[in-house]
Amino acid sequence: MKMTLSKIALAIASLIALESSALAHRAWLLPSATVLSGEDPWVTVDAAISNDLFYFEHHPMRLDNLVITAPDGSKIDAQNSNTGKYRSTFDVNLKQPGTYRMAVVNDGLFASYKLNGENKRRRGSASKLKDEIPADATDVKLTQSSSRNEIFVTSGKPSEDNLAASGKGLELLFDTHPNDLFANEEAKFRLVLDGAPVKGVEVEIVPGGNRYRDKLNDAKVTTGEDGNFSITWPTPGMYWIEASVRDEKATVEGAQRRASYVATFEVLPQ
């Protein structure tokens, strides 16, 4: 049977859309558990950048800027940290009862410019890279990238003392505790930029396991007044959410800023 031109065009468009979804590199943290109990609980965390969520096949996430905040607000160190070919891993001993916040927080600078007629590109620290650009460079464009990628793990009863925003970059505030999420129940959040609510920002929600689906099954919501948005989780499982904004409030003079936020949540069955 011959396919009509319209059917061929539709098939090609579907393949392109599927390929684009599959080739989207997403950075993620994945804990071995999000709610634990017992006298000496531990959690192991995978950290990677991949095409398929929670399947390491592209690049490890670096742990240089990993920050682990204990329930009392103190900073603690990861144990057994390792970076391999496709993923990084680390362990955390949950000695205190309550909720732990684990985040990779980056602040970098991307520069593009011309030097002696050649196009140049460089990446580096926001505090150092600008000073390393040659004085005779032209067409200089700077983009500061501020990102937070985080997870939440609770030992025993959930706590909220370390869930406040730091006031730097794009962050999430929780009307629903991040370790109290259930399928078919609405969870409420607030997106803030430098501590202030930000409206009109698109938030993408992607369930894990897309390696074994022919559709991404993602959803998108937009923040309303006061940065509020809600998600009703369709099924149990691990979910990845992401949001980003661009503005002119970079800490590096002459740069634009791209601030992004990523989190992984576990949604439990009712």
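This text goes with the structure placed above it.
> Break down empty space enclosed by the protein for me, with residues and values.
Rolled over the atoms, a probe with the dimensions of a water molecule shows which regions are left empty. Tallied over the entire structure, the rule returns two cavities of 30 Å³ or more. Space inside the largest cavity adds up to approximately 40 Å³. Listed by contribution, the elements that provide at least two residues to the lining of the largest cavity are β11 (138-155) and β19 (255-267). Split into classes, the residues belonging to the lining of the largest cavity amount to five nonpolar, three polar and one charged. Considered as a void within the structure, the second largest cavity measures approximately 30 Å³ in volume. What lines the second largest cavity is simply Leu172, Leu191, Val203, Phe229, Ile241, Glu242, Ala243 and Tyr261.

> Kindly report on the pairing of strand β7 (residues 79-83), identifying the contributing residues and their values.
Looking down a regular strand, the side chains alternate between one sheet face and the other. Sheet topology places β7 next to strand β8 (residues 88-93); three bridges connect them, and they run antiparallel. Across the sheet, the residue bridging to Gln79 is Asp91, located in β8.

> I'd love a proper account of the layout of surface pockets, names of residues and values included.
When its volume is computed, the largest pocket comes out at roughly 920 Å³. Together, 29 residues line the largest pocket, and Ile49, Asn106, Arg123, Ser145 and Ser147 are the ones closest to its centre. Partitioned by chemical class, the residues of the lining of the largest pocket number nine nonpolar, 11 polar and nine charged. In this structure, the second largest pocket encloses a volume near 460 Å³. Around the second largest pocket, the lining comprises 26 residues; the ones closest to its centre are Val105, Arg148, Ser166, Lys168 and Glu171. When the residues that make up the lining of the second largest pocket are grouped by side-chain class, the tally is six nonpolar, 11 polar and nine charged.

> Please provide a residue-by-residue account of the pattern of salt bridges, values included.
What the rule picks out here adds up to 14 salt bridges. Ionic pairing is found between Lys120 and Glu118, a salt bridge with its closest N-O pair at 3.4 Å. The salt bridge partner of Glu225 is Lys199, with a shortest N-O separation of 3.2 Å. Of the two residues, Glu225 is situated in the loop between β16 (219-222) and β17 (228-232) and Lys199 in the loop between β14 (196-197) and β15 (202-207); the sequence distance between them amounts to 26 residues. Neither residue differs from the other here; Glu225 and Lys199 are each classed as exposed. A single network of salt bridges, built from pairs that share partners, joins Arg101, Arg148, Glu150 and Glu171.

> If you had to explain the pairing of strand β18 (residues 237-247) to someone new, which residues and values would you point to?
Relative to β18, β15 runs antiparallel, the two being bridged by five bridges. When the bridges of β18 are listed, Val206 appears paired with Trp240. By the bridge criterion, 11 bridges tie β18 to β19 in an arrangement that is antiparallel. Residue Ser244 lies in a different strand from β19, and its bridge partner there is Ser260.

> I'd like a description of the environment of Lys215, backed by residues and values.
With respect to the element layout, Lys215 can be found in the loop between β15 and β16. Among the residues examined, Lys215 registers a relative accessible area of 58% and is labelled exposed. Once the C-alpha coordinates of Lys215 and His59 are considered, the two residues, 156 residues apart in sequence, prove to be 23 Å apart.

> Before we move on, can you summarise the side chain of Gln144 with the specific residues and values?
For Gln144, the position within the fold is in strand β11. Among the polar contacts listed, one links the side chain of Gln144 to the backbone nitrogen of Val252, at a separation of 3.2 Å. Those residues within four positions of Gln144 in sequence are excluded, and the remaining contacts are Asp107, Gly108, Leu109, Ala126, Ala250, Thr251, Val252, Ala255, Gln256, Arg257 and Arg258.

Rules and cut-offs
Residues numbered from 1 in each chain as written. Predicted model: local features only at pLDDT ≥ 70, side-chain atom pairs only at ≥ 80, totals over all residues. Heavy atoms only, no water. 1 Å grid on protein atoms, 1.4 Å probe; cavity = no way out; pocket = protein on both sides within 12 Å on 5 of 7 lines; lining within 4 Å. Points joined across faces, edges and corners; volume = space filled by probe spheres on them. Helix = DSSP H or I, 4+ residues; strand = E, 2+ residues; numbered from the N terminus. Nonpolar A, V, L, I, M, F, W, Y, C, P; charged D, E, K, R; others polar. Pairing = 2+ DSSP bridges. Salt bridge = Lys/Arg side-chain N within 4 Å of Asp/Glu carboxyl O. Buried < 20%, exposed > 50% of the residue type's maximum accessible area, 1.4 Å probe, protein only. Polar contact = N/O pair within 3.5 Å; in protein donor to acceptor, adjacent residues only side chain to side chain. Contact = heavy atoms within 4.5 Å.

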